[in-house]
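Tertiary structure, described
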Amino acid sequence: MTNWKEICETRMDRTRKSVLPTNLKLPMLPKAVIEFGKKAKDPDATAKELGAIVESDAGLTCELLRQINSPAYGLRRQVQSAQHVISLLGLKKMGMLLAAVAVKSAMPSKDSRLINMQTFWNTNLERAIFAREVATLLKADKDLAYAGAMLQDFILPILTSQEADVYLDFSVQDGPRKPLSKFEHDRFGWDHAEAAAYLMRDWDFPEELIACVLLHHQGLATLANKSYGRTAAGAVAIAALMPDFFQQQPDGITELVRLEIAWPEFNLLEIAERVESVFHESAGADGRQHITFFRRVQKSPVCGIDRLEKTPV
């Protein structure tokens, strides 16, 4: 069994609360989520009691049910209440999904100078669907992969809004582009994955969810790790290679094609097409103008696999 706590402790300073500047304005979680987390630690707490806490926040409950009943999440039956979610998925998985929904509700809805929020959430949804597909191939926890991919970049709208000039430098780099995580380390001494992980730890989120976010920029090297390579963390790291609005991973599609060469079960175009189909079903009108991953892969010159040196991953 994966020791998520040990993975997080190895990569995070237990004595440090955050890597972020103290003047940064951070999101506040809904009160119902905080109360749910506290009550969930009570071994005698019932699904009815926990469900009632969530349902005390109507907006949070609506978004939770919308997420879990969407084709993106992959359930075969409709869920009618927060209590029903707990009964169906269990407390642990309910907590992970609630965390993803709560963070979205806590984030600013207005666009920043560098990020269009609708594009941002559409990209996150695509990545979450893709991560589920990869987790299925890995025989890993699909629900954890989904929640981890939804949360992997949640702090970027805050950072790009309050440190806009720095991130503008990233978006207009001359010459070969650095990955965003490398750029952030050069400028700040930390990256957004680390910053998000510390904040999630402060919010008392599950260790496995924190680890998925913390490790999401490890790329293909994640799969080779004996501790977590074949887990949801590996699926989230692969999903993070997908191209996005910010071009965080300049060689992301190339890396995914290399993975396809090394892993016969990983058919990039087939997966991308399935992801597009589920995305359109789930996003509805909000996704009509979105340039999907499938379209990006189709147009990418590196997707002629014979053009790539067949180097094992």
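Residues numbered from 1 in each chain as written. Predicted model: local features only at pLDDT ≥ 70, side-chain atom pairs only at ≥ 80, totals over all residues. Heavy atoms only, no water.

1. A few points about the overall build of the protein
- When you go through the protein residue by residue, the secondary structure sums to 17 helices and zero strands.
- For 313 residues, the compact-globule estimate of 2.2 N^0.38 gives 20 Å, and the protein sits close to it at 19 Å.
- Over its C-alpha atoms, taken along the principal directions, the protein stretches across nearly 60 × 45 × 40 Å.
- Restricting to contacts in the protein with at least 6 residues of sequence separation, those with at least 24 account for 69%.
- Of the roughly 15,000 Å² that the protein leaves accessible, carbon and sulfur atoms contribute 48%.
- Counting 38 positive and 40 negative side-chain charges, the protein places the centres of these two groups 1 Å from one another. (Helix = DSSP H or I, 4+ residues; strand = E, 2+ residues; numbered from the N terminus. Rg over C-alpha atoms; globule rule 2.2 N^0.38 Å. Contact = heavy atoms within 4.5 Å. Areas by Shrake-Rupley, 256 points an atom, 1.4 Å probe, with all protein chains shown as cover. Lys, Arg positive; Asp, Glu negative; His and termini not counted. Charge placed at Lys NZ, Arg CZ, Asp CG, Glu CD.)

2. A short note on the nonpolar core
- In this structure, Phe130, Phe154, Ile238 and Phe266 are the most contacted members of the largest nonpolar core, which totals 110 residues.
- By residue number, the principal contributor to this core is helix α7 (residues 117–138), which donates eleven residues.
- Once you skip the residues sitting within four places of it in the chain, Ile238 turns out to touch Phe130, Val134, Leu220, Leu223, Leu256, Leu259 and Phe266. (Core = buried A, V, L, I, M, F, W, Y, C linked by side-chain atoms within 4.5 Å. Buried < 20%, exposed > 50% of the residue type's maximum accessible area, 1.4 Å probe, protein only.)

3. So, the pattern of salt bridges
- Applying the stated criterion to the full structure yields 17 salt bridges.
- Close ionic contact of Asp244 with Arg127 constitutes a salt bridge, the shortest N to O distance being 3.6 Å. Remark: Arg127 occurs in helix α7 and Asp244 occurs in the loop between α14 (232–239) and α15 (252–262); sequence separation between them is 117 residues. We note that Asp244, like Arg127, is buried.
- Overlapping salt bridges bring together Glu63, Arg66 and Lys104 as one network. (Salt bridge = Lys/Arg side-chain N within 4 Å of Asp/Glu carboxyl O.)

4. Observations concerning the environment of Ala52
- Relative to the assigned elements, Ala52 resides in helix α3 (residues 47–55).
- For Ala52 and Gly74, which are 22 residues apart along the polypeptide, the C-alpha to C-alpha distance reads 25 Å.

5. Quick notes on unusual backbone geometry
- Phi at Lys139 takes a positive value of approximately 60 degrees, unusual for a residue other than glycine.
- Assignment of secondary structure puts Lys139 in the loop between α7 and α8 (142–151).

6. Description of the packing of helix α4 (residues 58–68) against helix α6 (residues 91–106)
- Contact pair α4 / α6: the axes reach a minimum separation of 10 Å and the direction vectors enclose 120 degrees. Relative to α6, α4 is oriented oblique. Pair α4 / α6 crosses with right-handed handedness. Judged by residue contacts, Leu60, Glu63, Leu64, Arg66, Gln67 and Ile68 of α4 engage Met94, Leu97, Leu98, Val101, Ala102, Lys104 and Ser105 from α6. (Axes fitted to C-alpha atoms, helices over the stretch in contact; angles between N-to-C directions. Parallel < 35°, antiparallel > 145°, perpendicular 65-115°, else oblique. Left-handed = near helix turned anticlockwise from the far one by under 90°.)

Read these as geometric descriptors, not functional statements.
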